[in-house]
Each structure stands twice: as structure tokens, then as C-alpha cells.
Amino acid sequence: MADFEVPELTGEIIIPKVSPGASRHIQQFKAKPELMEELKFSAEKGSDWKEKFLLAMEDILKKYKSVRVFLDICVRCGSCADKCHYFIATGDPRNMPVYRQELMRSVYRKYFTPAGKLIGGLASAKELDDDLLDEWFTYFYQCSECRRCSVFCPYGIDTAEITMAAREIMARIGVASKYNYEIVNKAMTLGNNLGMIPVALESTWEFVEEEIEEKLEEVGITGVGVKLPVDVEGADVLLVTPSADFFAEPHIYSLEGYAKVFHQAGISWTLSTHASEGGNFGMFIGNYDHMRTINKRIWDAARDLKVKKVVAGECGHAWRAMYSFSNTLNGPFDFLKEKSPQHICELTLDLIKKGALKLDKSANDEFTVTFHDSCNVARATTIGGTPGDQFTIPREIINACCNKYVEMDPETCGEKTFCCGGGGGVLTDEVIEIRVKGAMPRMQMYSKIKESHGANFFALICAICKAQFTKVFPYYGYEMAEVGGVHQLISNALVMGAKEEV
Amino acid sequence: MATMEFEGQDYEVDEEGYLMDWSVWKEGMAGVMAKQDGLELGEEHWDVIKFLREYFEKYQIAPMIKILTKELKKKYGKEKGSTKYLYELYPGGPAKQACRYAGLPKPTGCV
């Protein structure tokens, strides 16, 4: 199946010996000049690229003080060195967060610090050249911006921010990843990452309605009439979810779950053909202008449809963009009744607690479920507004709709969760080797509870995690059907039809 | 730009062999691409390819997998109307591999 060695599952995470250059050959495709131009970056790397590069870096250092601080304060203690899933899986020292950042720090020292300018190599400063740039392109796209290393950094250096800055600097000289920048372009022009036009969205949503109906009919329930309302002015809730929920499996099953929850709770809601994407790859490429433009669609749709609140579907970085960045990018949702967006998991759990949803746990009895914390939810946000509830809320939901739940090793859960291996713009097929290997630490922990407890359902609240794990599970000999969404479990267990009073 | 030769003519393709312009696609190309992957196209493969192209003409994107499986189910019954069966037909992924044979761009995003 693979032309590289798939790690063996032993149930253990072992820190490997250092193997320089082990993942140097894994590189994303580069974006075409026309695309870069369309996105207002340099079309391609010209002969004056070094000057442009340093100007871009100077600008970033000025604009984002945090980046400069992070470059200055690292004492190379090495706490982060063995925390990155890509390092654990490849042994390539450039995937030690500190040494990946060194790619930027060495240039920073050379051109932006007195010591580096004066004594160069002695101050670990490095001349910018083609080789170094190529290393930047390789390894800054072998960081999934998951920020696990930051949890262990005594100074709290945000590695993802360094990676984002590096990608932005490279983009300004026309060196960028095709995958990421194509998606940004599609979100900017068509409104969603997949590039679905309104008629495609509407037809898909209609199809999902039929699917829900048919599945209910199969178990003898008729005439429930679960709808996926589109562009309904005056609805209470605008649901914004990743467009993957309209395309891929198992994503689609969670979409069915959201619709059933709204229906059963009697909440008036709508999807929007304008704000048809929760995800925001502007974040992954560290470009705040594009991030703002993409985010603004949600804003505009909420205003135009006169909804009372915005609810976010299962997507890690979308939630981070809405929860942490939206306010700064486009101002507060002060025209809404509820000023902050709400996570679908918070909404669902509230309804469960109020008794508004009747759940038949036995519907999920074939599953022994575990929950994988997604990085952007785990380390960048909360879900209900109190610290730590981003960990408890999804688990409470699962326990409300499933009888069998098992936790993976706590050292790899919560804020210490491992990335799926495909986050932060790494979810593209040409780098499948790093994706499969990067998933290894998480796979080890899953294999362990599979062995000990028979775990067979890997529950998620992130579109990237879902796509990544369905892709890599078969490499490890597991069925892709074991991967699913939290609202997929809700969808299975939710008793439809006659409602009890709320 | 990479090209693919078909019946004496060169066609532009991307790094992974997807046609750059879906409208220049010729039926015979699917067979050539499949052969390179060691696949032989049977009737079910062709049903998928034809359906993909029809859908794309209308919606400018490939359908979600579920819509594809439902189409197969209509024609061949429950067993073949499944994601599992689609992956048997197209081991590289129904959306990705079948889209390439059908001359359509690769669906990308969080998928």
C-alpha cells in the first residue's frame, strides 16, 4: 500500500534516535504563479528574492511583536524536542520544534541582530540561500501548527506562530504550498474550501434531508420531516460548519446529527449559501488579510439573515477562528442577541441536560468509543466558556449517548493531545508519508485501548481529523469506518418523533 | 507543465496527473490512466465515471461519496451501493482516483 515504512503498532510511544534528513524528501507541491498573483502575493521567486524575503521578514517582525519575542527568548532547553509527532515518527531533528524554528532564528540572527551581523556563524547566524529556503519550504510545511510543543515550553513559545510567519514570508516571495493557497483562493472566491457553488450546496443539503428520512423509515419511523433549511431570514441560529460536512464521509453523518438535534429541540435554524465554510485556511498560512475576508462571510450572513446567534459545527480550526480571532478580525457579533459564536457541542449538551433530547444509548452498543481531542479546540479555546470544558463537554455528550467509553492514555489527551498528523495545512496527498507517520503517536494510543478494551470507534470534532484518520487508518490495518463524529453518535442515538415538553 | 499523451496529442495535467481542463477529456483516457494504475475498467467503473461527469457538468464539483454510492445502489443493489465497494472499485479513493479518470479536478479541502 505504501512506498515507505508504516510504523509498527506496539501500543507504546518511543522517542527515536536522531536521524538527520529523514523527512527532508517530503515536500508539498508548490503553488503556481497565477494563483499567487491572484492572492496578491509575488507571482514567483525572482532574482531579487533575498531582498524581498528580508523585507517581508522585517515587516512581520515589526507587525507581530510576538514573533520577535519568540525568536529572542528561546534558551534551547530542549523541552519541546521530543514532543512533536513528526519528530517522534521520523527522528528527523528538523522536526524538533526548537530546531525547526532554528531555520528562522538563524536568519533572524544574521540579518536582524547585532551579534549575528558582526560575528555570523559564531552567533549561530546563517546566510540566506536557496538551500536554506528549500529547507524552510520543507519543514515549515511539516509543522501542523498543533502547538503541543508550546504546552511543554517553559516560556510558552507559540511554535505555530513561527510557522505561520514563515509561510507568510515565503508566500511574499512567491514560494507557497499549492494545497493551502488553492483552498484560500476557493474560500475567497466561492465561499468554501471545496469550491461548491450554491446550487451544488442546495442539492447536497436536499440529498441529506432525504437520507435522514430514508434511514428513519428503515427503522419504521415516518413523517418526521427533518429539514436542512437554506438561507432562511429570521431563523434563530445560523449554523456554520466545514464544507467537508457537505462532501465527505464520515463528516456527513455529523451534519445529519446537527439537523436532527435542531429538529428535535424545535430550534429554528439555517445554513447559508454565502457562509458555507467554517474552516479558515487564512490562519494556516499566517495571512490575516485573507483570514479576515474569509471570516467576514460569516459575519455578513449572520447580519443579512438576521439570526440571533451563530453556531459552529465540528471543525477544530474553524472554532478557533470564530472563538479566538473573529472578534479581532471583524469586531464583535454585537448585532446578534448572543454576542459570541457557540460550539455545537455546547448547544447539544445543554439540550441533553435540559431533557430536550431523548437518547437511546443502546443504539451505539456496537461501539466502544474513545475521544480524540483536536488540537485547535484543545489548546486554543474553550467550548462553554470555562477552562477545561473543551475536554469535558464532548466526553459528556458521548457518555450521554453511548454505553461504552474508554479513554486513551491521559498523557496524550486534553491539552497534551497529539495532532492527527494532517492539521495546519498538511492534509494533502503528496505528503502522505509524513501524514501516516505523524499519526503514529495517536495510533499507538488507540491500538493500546483497542487491545485492552476493544475500542472500535474513534470519535472526533474536527473535519481535518476525520479526513486524516479515515485516510491513515487503513495504512495501520484498521477500518476507516471506525472513524466518526461526536454528532454521528448523537444521530444514532437520538430518538426522533414525539417530543417531550422542554 | 506536465502533459499526458493520448492518441498523438498532448494534454496538460497537474503534478498528480489530473487534467487541467476537464472539457478536453476523451473517454479513452480513463482506460489509459487505469492501466497505469494496474486497473481494468469494468461496467461499474464506467458507471461511476459517467455519473461523475454528468454531475460535474451541472454542479462544477464532484458529488459527495454518499450520492455516488446511492447511484450504484439504485442500479446494483445494496451490497454494491456501499462506500466499501466503491473503494474496492477505486482503491485510491472514489472521489480522488475516479475523478482523475473522469478528467475532473481533484476535490480538495478538509476531505
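Residues numbered from 1 in each chain as written. Chains lettered and ligands numbered in written order. Predicted model: local features only at pLDDT ≥ 70, side-chain atom pairs only at ≥ 80, totals over all residues. Heavy atoms only, no water.

Student: When you look at the overall build of chain A in this model, what are you seeing that I'm missing?
Tutor: On a plain count of helices and strands, chain A comes out with 22 helices and 7 strands. Scaling as 2.2 N^0.38, a compact globule of 502 residues should have a C-alpha radius of gyration of about 23 Å, and chain A matches this with 23 Å. Taken along the three principal axes of its C-alpha coordinates, chain A extends 75 × 50 × 40 Å. When burial is assessed residue by residue, chain A has 64% of its 502 residues classed as buried. In chain A, the share of contacts with a sequence separation of at least 24, taken over all contacts with a separation of at least 6, comes to 81%. For chain A, the exposed area adds up to about 18100 Å²; of that, 51% sits on carbon and sulfur atoms. Between the mean site of the 56 positive side-chain charges and the mean site of the 69 negative ones, chain A shows a separation of 7 Å. (Helix = DSSP H or I, 4+ residues; strand = E, 2+ residues; numbered from the N terminus. Rg over C-alpha atoms; globule rule 2.2 N^0.38 Å. Buried < 20%, exposed > 50% of the residue type's maximum accessible area, 1.4 Å probe, protein only. Contact = heavy atoms within 4.5 Å. Areas by Shrake-Rupley, 256 points an atom, 1.4 Å probe, with all protein chains shown as cover. Lys, Arg positive; Asp, Glu negative; His and termini not counted. Charge placed at Lys NZ, Arg CZ, Asp CG, Glu CD.)

Student: How should the interface of chain B and chain A be read in this particular structure?
Tutor: Accessible area lost upon the coming together of the parts serves often as the stated size of an interface. Across the boundary between the two partners, chain B contributes 26 residues, which contact 36 residues of chain A. Of the roughly 2700 Å² buried where chain B meets chain A, counting both sides, 62% is carbon and sulfur surface. Where chain B packs against chain A, one counts 7 salt bridges. The shortest N-O distance in the salt bridge between A:Asp429 and B:Lys106 comes to 3.2 Å. The interface formed by chain B and chain A includes 12 residue pairs in polar contact (both at pLDDT 80 or more). Elements with a contribution of two residues or more to the side of chain B that touches chain A: α2 (43-59), α3 (65-76), α4 (83-89) and α5 (94-101) of chain B. Among the residues forming the side of chain B that touches chain A, the class breakdown is 14 nonpolar, 4 polar and 8 charged. (Buried area = accessible area lost by both parts, 1.4 Å probe. Salt bridge = Lys/Arg side-chain N within 4 Å of Asp/Glu carboxyl O. Polar contact = N/O pair within 3.5 Å; in protein donor to acceptor, adjacent residues only side chain to side chain. Nonpolar A, V, L, I, M, F, W, Y, C, P; charged D, E, K, R; others polar.)

Student: Explanation requested: the pairing of strand β1 (residues 2-6) of chain B in the structure shown.
Tutor: For a regular strand, side-chain orientation follows a simple rule: the groups alternate between the two sheet faces. Note: β1(B) against strand β2 (residues 9-13) of chain B, 5 bridges, orientation antiparallel. Paired with B:Glu5 across the strands is B:Asp10, a residue of β2(B). (Pairing = 2+ DSSP bridges.)

Student: Help me understand the confidence of the model for chain B in this model?
Tutor: Predicted coordinates in regions of low pLDDT should not be interpreted in detail. Residue and element names in this part refer to chain B. Residues with a pLDDT of 70 or more make up 100% of chain B, whose mean pLDDT is 92. Within chain B, β2 carries the highest mean pLDDT (96), whereas α3 carries the lowest (88). Predicted complex, confidence summary: ipTM 0.93, pTM 0.96. (pLDDT = per-residue confidence, 0-100.)

Student: Explain the sheet that holds strand β4 (residues 342-343) of chain A to me, please; I cannot follow it from the model alone.
Tutor: Each strand in a sheet pairs with another by means of backbone hydrogen bonds, the pair being arranged parallel or else antiparallel. Residues and elements named next belong to chain A. The strand order across the open sheet formed by 4 strands is β2-β1-β3-β4, and the pairing between neighbours is parallel. Among the strands making up the open sheet, the edge pair consists of β2 (269-270) and β4. The pairing of strand β3 (residues 309-312) with β4 spans 2 bridges and is classified as parallel. In the strand pairing of β4, Val311 is matched with Gln342. Contacts from helix α15 (residues 316-330) reach β1 (237-240), β3 and β4, with the element oriented near 150° to β3. (Axes fitted to C-alpha atoms, helices over the stretch in contact; angles between N-to-C directions.)

Student: Hey, could you run me through the pairing of β3(A) in this one?
Tutor: Residue and element names in this part refer to chain A. Every second residue of β3 is oriented toward a common face, with Lys309 and Val311 on one face and Val310 and Ala312 on the other, all of them buried. Here β1 runs beside β3; their pairing, made up of 4 bridges, is parallel. Paired with Val237 across the bridge in β3 is Lys309. Between β3 and its parallel partner β4, the chain crosses via α15, and the hand of that crossover is right-handed. (Right-handed = clockwise from strand over helix to strand, strands pointing away.)

Student: Would you mind going over the packing of helix α7 (residues 130-139) of chain A against helix α9 (residues 159-172) of chain A with me for this structure?
Tutor: To describe two helices that pack against each other, one gives the angle between their axes and the distance between the axes. Residue and element names in this part refer to chain A. It is at 10 Å that the axes of α7 and α9 come closest, and there the two elements cross at 125°. Of the possible angle classes, the one that applies to α7 and α9 is oblique. With respect to the hand of their crossing, α7 and α9 are arranged in left-handed fashion. Residue-level inspection shows Leu133, Trp136 and Phe137 of α7 in contact with α9, the latter providing Ala166, Ile169 and Met170. Across the contact of α7 with α9, the residue classes tally to 6 nonpolar, no polar and no charged. (Parallel < 35°, antiparallel > 145°, perpendicular 65-115°, else oblique. Left-handed = near helix turned anticlockwise from the far one by under 90°.)

Student: Before we go on, may I ask you to explain the layout of surface pockets in this structure?
Tutor: To find the voids left in a structure, one rolls a probe of water-molecule size over its atoms. Approximately 950 Å³ is the volume found for the second largest pocket. Taken together, 34 residues make up the lining of the second largest pocket; nearest its centre are A:Lys178, A:Glu182, A:Lys186, B:Pro105 and B:Lys106. Taken together, the residues that form the lining of the second largest pocket break down as 15 nonpolar, 7 polar and 12 charged. A domain split of the lining of the second largest pocket shows at least three residues from each of domain 1 (33-186) and domain 2 (190-406 + 455-493) of chain A. (1 Å grid on protein atoms, 1.4 Å probe; cavity = no way out; pocket = protein on both sides within 12 Å on 5 of 7 lines; lining within 4 Å. Points joined across faces, edges and corners; volume = space filled by probe spheres on them. Domains from an automatic or database assignment.)

Student: It is not clear to me how the domain arrangement of chain A should be interpreted in this structure. Could you clarify?
Tutor: All names here are of chain A. As assigned here, chain A comprises domain 1 (33-186) and domain 2 (190-406 + 455-493). Placing a centre on the C-alpha atoms of domain 1 and another on those of domain 2 gives a separation of 32 Å. Summed over both sides, the interface of domain 1 with domain 2 buries roughly 1800 Å², with 56% coming from carbon and sulfur. Applying the counting rule to domain 1 against domain 2 returns 0 salt bridges.

Student: So what exactly am I meant to see when it comes to α7(A) here?
Tutor: Within an α-helix, residues lying three or four positions from one another point in the same direction, as the helix has 3.6 residues per turn. All names here are of chain A. Burial runs high along α7: 7 of the 10 residues are buried. Along α7, the residues classified as buried are Leu132, Leu133, Glu135, Trp136, Phe137, Thr138 and Tyr139. Next to the buried residues of α7 lie α2 (49-63), α5 (97-112) and α9. Near the N-terminus of α7, the side chain that reaches the backbone nitrogen of Asp131, with its oxygen 3.2 Å away, is that of Asp129.

Student: Where do I start with the nonpolar core in this structure?
Tutor: Residue and element names in this part refer to chain A. One finds Phe53, Met57, Met104, Trp136, Tyr181 and Phe469 to be the most contacted residues of the largest nonpolar core, which totals 197 residues. No other element matches the 8 residues that helix α12 (residues 251-265) contributes to this core. The residues contacting Met104, other than those within four sequence positions of it, are Met57, Val67, Leu71, Trp136, Phe140, Ile162, Ala165, Ala166 and Ile169. Within the second largest apolar cluster, 12 residues are counted, among which are Tyr86, Val98, Val431 and Ile434. (Core = buried A, V, L, I, M, F, W, Y, C linked by side-chain atoms within 4.5 Å.)

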